[in-house]
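# Topology and contacts: notes
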Amino acid sequence: MRELTYAQAIREAHAQLLAEDPRVFLIGQGVWNPWYAGTSLQDLDKEFGRARVMDSPVSENATTGAAIGAAITGMRPIVFHPRMDFMLLAVDPIINQAANWSYLFAGQVSVPVVIRAVINRGGEQGAQHSQALQALFAHVPGLKVVMPATPSDAKGLLIAAVNDGNPVLYLDDRWLYERRGYVPEPLYQVPLGKAALRRSGKDVTVVATSCMAAESLDAARVLEARGVDAEVIDLRTIKPWDRDTVFSSVGKTGRLVIADAAWLSGGIAAEIAATVVGELFHALQAPIIRVCLPDAPAPSSSFLEQAYYIGADDIVVAVEKVLR
Amino acid sequence: MHLQDGGTRRLSSERLTLFLYEMLRIRATEERIGQLVESREIKTPCHLSIGQEAIPVGVCAALRQDDTVWGGHRSHGHYLAKGGDLNAMMAEVFGKATGCAGGRGGSMHLAAPAQGIFGTVPLVAATIPMAVGAALSAKLRGTDEVAVAFFGDGATDEGHFHESLNLAALYRLPVLFVCENNLYSTHMMLNERRVKDNIVESAALHGFPGLVVDGNDAVAVYQATYQAMERARTGEGPTLLECRTYRWRGHVGPALDLEVGQNRQQDLAEWMQKDPIMRLRERLREEGLSDADFSEIERRIADEVDAAVNFARRSPYPDESDLLHHVYVSRRGA
Ligand SMILES: Cc1ncc(C[n+]2csc(CCOP(=O)(O)OP(=O)(O)O)c2C)c(N)n1
């Protein structure tokens, strides 16, 4: 079975999309240089030409707005923002324009754009290079938000995003770039809005996003050794999220831990918890626990970073608490 | 040991020696930071301004303490030239509690409010409009303080730059825009990002003066700033200085990034011949600065830098309990 890293899988999706569909093009900062994108875009400019693979000036607003204009008029652009933080300079075209466009014009005009942004935290980079802002965008109707956690999803979700016809935010995680896994060779899609059941279990449901899915599996192994059978769901799409998969799992286990490496307040985990409580209250045998970042910007000093970031250990603690 | 005095036209040998001292101090500090990055004692991303020292020093020499400076990711020089404390900066780069941001910021987040440095941040162009705001504030408060925005040529790619120029022109604000044009924005050279090498023309489009300055000549930078300060303080509004220079080191850390750009190896060799420090040293040699005087300055600076590194090494890490402090201020402003 062929294994690729997460970054290689992203690259393969780009390459196949560019090869398959002349409407696809790529624009953003650092797409000619491995500094920003790691191997995830390596040499695409050499393979497909710099007319279709464009390294841009430091102009997030203009490149994103232009991609939206190009999408409306028949192209299938992928905009690249090497850090999610930089993408905030493009929030007007994303939220005010792209998200609203189909609705505004009664479905006559659509915006088939993919906006890729990398979450790249840690390493003493500080508050403005560390933000995981999925909840901000998931709040907005008209946008879809995907967060692949595995190499095969990294490929399949990008392809599905380009083919979706809506503005899709594709958030990949630098912490996952070296993870390896089986990636099918053809151009295939992982459907948007569909979660993956990564591990079946009967005692507790752990719903996770992005890198926390891998942490949850690590946590499940630790818990297994302690006699706890955890079910792990990788959400994959944050907006719209897969209620059916989450509901059927919680219906079975009666206990829920949600892990999302973003701020606690007003986040994805709050949304899932509120929905589960609202619709499945009677199935719950314990309060829901959220494993998220504290409500503070990211500190730089590694000492504080260690206290700030969350991982498998925190999930183990949370699971043991809901089981008590 | 600070230069800023509101500027005087005359530059005595003593003042020029101070310029030299300040430039050498920035370089020695950054070279040491580079070594510490290489030995992995420092982990935070550090962007070095080696080769560009004449700009912060020339500009800040024409400023007063109450003038404000606003910078970005490459701001060690701005911080030091404006009077920031070397120990506090070094400790910040080490991520220590005694750092100028309590260790929560690192190299890209320097602050020294008493010296008019209210914060530098890495988002490109972010502080340009904030400098305009500081100038607006000075005007509304009825002071003659000036705000200085330091930014690179890359920052002129952003809308923030163009909008800020218009706003400053429209309200005739006392702001000095200093573009440190080192020809690079990370891996991209100016000619890969712009059709014309004409950043300075942005000023004329908004009806205020823009000057191209030799950014490796501290005296030329000082004189241009001095004139801009007079304009700003007398209510005539903004000025743009495009200071031409070259970044000796790579985008981040001490490496040379020779693989980046078109002719970097050759360009670098040429620009190193235009070393702003050697240039001023030559001039001062003619005015009587001996090699012994020069060595004495270097020795003093080496001691200062050693002391700062020792201070940083000895300082404690921030306490875990500090993690949630300062998300909000705890006290209402007066
Ligand atoms: C809004 C934003 N976009 C992109 C980046 C990534 N980035 C960091 S430094 C830099 C280049 C800046 O070049 P320039 O302004 O010329 O300053 P220099 O590094 O040359 O001193 C870029 C693009 C960023 N920090 N912020």
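As a starting point, this report considers the structure included with it. (Residues numbered from 1 in each chain as written. Chains lettered and ligands numbered in written order. Predicted model: local features only at pLDDT ≥ 70, side-chain atom pairs only at ≥ 80, totals over all residues. Heavy atoms only, no water.)

Residues and elements named next belong to chain A. With mixed pairing, the 7 strands of this open sheet are ordered in space as β3-β2-β4-β5-β7-β6-β12. Edge positions in the sheet fall to β3 (53–55) and β12 (237–239), since each has one partner strand and no second. Put simply, the sheet's adjacent strands are angled 20° from each other on average, direction ignored. In terms of strand pairing, strand β6 (residues 144–146) meets strand β7 (residues 168–173) through 3 bridges, oriented parallel. Its bridge partner lying in β7, Val 145 is registered against Leu 169. (Pairing = 2+ DSSP bridges. Helix = DSSP H or I, 4+ residues; strand = E, 2+ residues; numbered from the N terminus. Axes fitted to C-alpha atoms, helices over the stretch in contact; angles between N-to-C directions.)

What follows concerns the nonpolar core. Core analysis: the biggest nonpolar cluster contains 97 residues, and B:Phe19, B:Leu20, B:Val59, B:Tyr79, B:Val148, B:Phe151 and B:Phe177 have the highest contact counts within it. Formed by 71 residues, the second largest nonpolar core is a distinct cluster that contains A:Tyr6, A:Ala160, A:Val257 and A:Tyr309. (Core = buried A, V, L, I, M, F, W, Y, C linked by side-chain atoms within 4.5 Å. Buried < 20%, exposed > 50% of the residue type's maximum accessible area, 1.4 Å probe, protein only.)

The subject of this paragraph is the layout of surface pockets. Roughly 490 Å³ of volume is contained in the second largest pocket. What lines the second largest pocket is a set of 22 residues, among which A:Ala127, B:Ala101, B:Arg104, B:Gly105 and B:His109 lie closest to the centre. (1 Å grid on protein atoms, 1.4 Å probe; cavity = no way out; pocket = protein on both sides within 12 Å on 5 of 7 lines; lining within 4 Å. Points joined across faces, edges and corners; volume = space filled by probe spheres on them.)

What follows covers the pairing of strand β13 (residues 256–263) of chain A. Residues and elements named next belong to chain A. A large share of β13 lies buried, amounting to 7 of its 8 residues. Of the pairings in the sheet, the one linking strand β10 (residues 204–208) to β13 comprises 4 bridges and is parallel in character. Within β13, the residue paired with Val 207 across the bridge is Ile 258. Two elements, β13 and strand β14 (residues 289–293), share 4 bridges in a ladder whose sense is parallel. Bridged to Val 257 within β14 is Ile 289. Regarding topology, helix α11 (residues 268–280) serves as the crossover connection from β13 to the parallel β14, and that connection is right-handed. (Right-handed = clockwise from strand over helix to strand, strands pointing away.)

Residue and element names in this part refer to chain B. Nonpolar side chains collect at one region of the surface, where Leu 167, Leu 170 and Tyr 171 lie side by side and expose about 300 Å² of accessible area between them. Tracing the backbone shows Leu 170 in helix α6 (residues 159–170). Taking the relative accessible area as the measure of exposure, Leu 170 reaches 59% and is therefore exposed. (Patch = residues over 30% accessible without salt bridge, like charges linked within 9 Å, V, L, I, M, F, W, Y side chains within 5 Å. Areas by Shrake-Rupley, 256 points an atom, 1.4 Å probe, with all protein chains shown as cover. Salt bridge = Lys/Arg side-chain N within 4 Å of Asp/Glu carboxyl O.)

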